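# Summary of structural features
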Amino acid sequence: MTSAYRPVFFAAVAFLSGAIVGWSAELNWLIPAVASCAFFVAAIALLPAADRTGMVKWLLAAAVFLAGCASMQYTASKADWNVEGEYALTGRVTEVSRNSKNTVVRLSEIKIEQESLNNDVFITFYDEKIPETDDYISIPKAKLSLPKKRAYRFAFDDRQYCAANNVLYRATCEGFVVTGHAHDVFAAARGARATIGKRLDELYGSRSSIVKALILGDTESVTDVENDGFIASGISHVLALSGLHIGIIIFGLFYFLKRIKAPYYLTIVLTLTALLAYLMLTGMKISAVRAGVLCVCVLLSQCAAWKYDSMTGLAIAFFAVVLPNPAVIFDLGFQFSFSAVFGIICVSPDGNANLYDEKMPTAKDKFLGAIRASAAVTVCTLPYVANVNNYFWMPSLLLNLAVIPFVSAALPVLLVLSALYLIFPGVFLWAGAVGGWIVDVLRFFAGGSDWLPEFGVELPSTYPLAALIVLAGVWLVSKTNVFYSRKWMRAAAGGFCAAAAIICFVLPSQWRGDVQIVFLNGGDKCSAVVSTAAGGCAVIDAGADIYGYAVKNSVVPQKTVITKGDTDHAAGLDALVSGGRAGSIYTGEDGAYALAAKYSGEKITALSEGDTVAVDENTCIEIKYVSGKSGMVVRLVHKGRGLCLFMTDAALYDEGLIGGDISAEILVAGRNGKDGSTGRGLTDRVGQDYTVIQSARGGSAQVLDRLGSGFVYNTGENGQITFTADGDRIEAEAMYETW
């Protein structure tokens, strides 16, 4: 079946495109909603005209695109409350996630001051007393805050993450009262999952974490070390419930019923019932729901004697997952799941499935199909791997050829053994040894990246557009589109998409200008990265997540200057040093001894007034003032021109003691912009065009008044701020503009 006969698939593509544009544009949702309705009406009006079918298709495509745009805007603004502060809160606990630092509880069915909230809330608990799943709780005083935007380019965006989970607020609280417990079908499913999990703990012991991930989709007990191993080796997908797990379990039941010659419709009904029960037991995870909808499409196509089309089935699954909450497109599990299956469908020899087809593929066909599927999954998910892990182990393609068949064979064994133990615990104690061996083999595979670490490569993060371009390229060169019979067009389209994807990977690291200064949003924590066209790179303060920025943007600092040893200036230094990205470390004389003792083996240089730290032959960092209490005041100079003056924690008193030339085009306000700094005398001497305040709250009213009408940026409001000096010009670019 060619792409010309896949209207649902193209509707899904149009809706996805509209949703992405809608989130980015941040327009009033009413505008695209009205336009969408107008296009739908126009298309319906033109339907009787047979010679205008092409125009009807374009109108419908535009209508679906605008509907996607409108739905995303409605999703982003549908909450009844959009305020921050302390409120009385009641709701139902539907999820509890524990880690080494805290416990995050998801609260649903919420009322804030007796007013219902359509969205959920993530509540963070730092003490040992936490509610249980499906408890109804009352919180007298919960401090609500909106999720934060990303701190720098390619950083984690909590706003998108929370929107994808239908969560409006994050909150903290000091106490709660349990007012009841839920007893509906969802509570019963979660209770059953918890009970089964405890029994699996008894059977498999320390290996139960992997078994629960494979069977129940419960990854909470998988340790960070285990998870990192699966991720690094490129086989983490086996721990996520997906088509592999659902297909083996559900179609295994289907073929069993078929083998015992159960009535046709009874087989369909029992299989669908088992599918729904299993999905509820596993928590209705996105990848499982996607696989479940595909299974339903296959089964129903058998009932209706329709020819099943995989691409159409995937599109139906897309709408089933997306329509309740369009922001789910930002969920990483959604992206991995749908992209991987899309790639597999594109490289499949055909796009249909017949469960009663007795013709079995040959061993050669299975092997070649496994290679194609593994390659397609690797290519289609590579942009997400780059953005999340920034690491790719190249032999993972071959490793998956062994892992996927092994899991396909081992999963039914694990399921049967676990089920037998649950029914007859005293008889099947030996099942733990067999299941333990299976888990040991998987852990052996997960250590694959340790066998040949030289084949691991670091990948910079890239723009989300790269993922869509890669998917478009795979589709254009596959048999699932009308261009497949035209080799020259297929080659040209695929080559164009490949080139565009490569550009998306390379473009973020491309240089422009002579010197670039990047300020990260770390709340009240200070961090700046200085890069030059000559290849120099230096970090001035490491308070924010400087290591994450360096990894995601392929930045390797040669020198790190710590102006003050406090947490807000040096909290990220540990990660830089352990990750091998700190280079030579420079700090004031008072802090040098402490750093030398903490980082033995690292090169630590003590600085005093008048010293300079070279970034390249034309760029250096001048030490203008050193104080044990206020830290160092440093100035970035390029070809004798003062670019940026960093005031650290200098107070008004310190400002009068700074000697020499301190003129600069950018002034970084001292003390995070608090009052008692950045006096008139200082600003007159600096003569800055731009001022940067590194603070979550912004500068005080007194400081802002003294700064006058110049350009003032605040990392808390503007996010990452990038200044580019090129010749005599300097340009500023903020991630979030506020004027």
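Our subject in this report is the structure included herewith. (Residues numbered from 1 in each chain as written. Predicted model: local features only at pLDDT ≥ 70, side-chain atom pairs only at ≥ 80, totals over all residues. Heavy atoms only, no water.)

## Here we look at the nonpolar core
To keep it simple, the criterion reads: Buried Ala, Val, Leu, Ile, Met, Phe, Trp, Tyr and Cys residues that are joined via side-chain atoms within 4.5 Å together make up what is termed a nonpolar core. With a 1.4 Å probe rolled over the protein chains alone, any residue whose accessible area is under 20% of its type maximum counts as buried; one over 50% counts as exposed, and the rest are partly exposed. The way it works is that DSSP assigns letters per residue, a run of H or I at least four long becomes a helix, a run of E at least two long becomes a strand, and they are numbered from the N terminus.
If you look at the biggest cluster of nonpolar residues, it comprises 55 residues, and the most contacted ones within it are Ile246, Phe318, Phe334 and Phe342. It is helix H10 (residues 286–304) that provides the largest number of residues to this core, a total of nine residues. Among the nonpolar cores identified, the runner-up in size contains 34 residues, and Leu203, Leu214, Val222 and Val439 belong to it.

## A closer look at the packing of aromatic side chains
To describe a pair of aromatic rings, one takes the distance between the centres and the angle between the planes. Operational definition: Put simply, two rings from Phe, Tyr or Trp (the six-membered ring, in Trp's case) pair if the centres are within 6.5 Å, and we call them stacked under 30 degrees between planes, edge-to-face over 60, tilted for the rest.
Per the stated rule, a full pass over the model turns up 29 aromatic pairs. Taking 6.5 Å as the distance between ring centres and 75 degrees as the angle between the ring planes, the aromatic pair formed by Phe15 and Phe318 counts as edge-to-face. Remark: Phe318 occurs in helix H11 (residues 310–322) and Phe15 occurs in helix H1 (residues 7–25); sequence separation between them is 303 residues. Judged by its relative accessible area of 6%, Phe15 falls in the buried class. Note on Phe318: relative accessible area 7%, which makes it buried. Taken together, a centroid distance of 5.5 Å and an interplanar angle of 85 degrees make the contact between Tyr152 and Tyr549 edge-to-face. Here Tyr152 is found in the loop between strand E5 (135–145) and helix H4 (158–164), whereas its partner Tyr549 is found in helix H19 (residues 546–552), with 397 residues between them in sequence.

## Overview of helix H7 (residues 224–232)
The criterion, for reference: Contacts are residue-level and defined by heavy atoms, with any inter-residue pair within 4.5 Å sufficient.
Among the residues making up H7, those that are buried are Glu226, Gly229, Phe230 and Ala232. Next to the buried residues of H7 lie helix H6 (208–216), strand E8 (391–393), helix H15 (431–446) and helix H16 (448–451). Of the residues trailing H7, Gly234 is marked for its positive phi of about 75 degrees.

## Quick word on the state of the cysteines
For clarity, the threshold we go by: Disulfide assignment relies on a single distance test, namely cysteine sulfur atoms paired within 2.5 Å.
Taken as a whole and assessed by the stated rule, the structure comprises zero disulfides. There is no disulfide at Cys295, and the cysteine sulfur nearest it, in Cys297, is 9.2 Å away.

## With respect to the pattern of salt bridges
Test applied: A carboxyl oxygen of Asp or Glu within 4 Å of a side-chain nitrogen of Lys or Arg is what we treat as a salt bridge.
All chains considered together, the criterion is met by 26 salt bridges. Close ionic contact of Arg92 with Glu109 constitutes a salt bridge, the shortest N to O distance being 3.3 Å. Taken as a pair, Arg92 in strand E1 (residues 85–98) and Glu109 in strand E2 (residues 103–112) lie far apart in primary sequence, 17 residues in all. A relative accessible area of 3% places Arg92 in the buried class. Assessed through its relative accessible area of 48%, Glu109 is described here as partly exposed. Residues joined in a network through salt bridges with shared partners are Arg92, Glu109, Asp134, Asp184 and Arg190.

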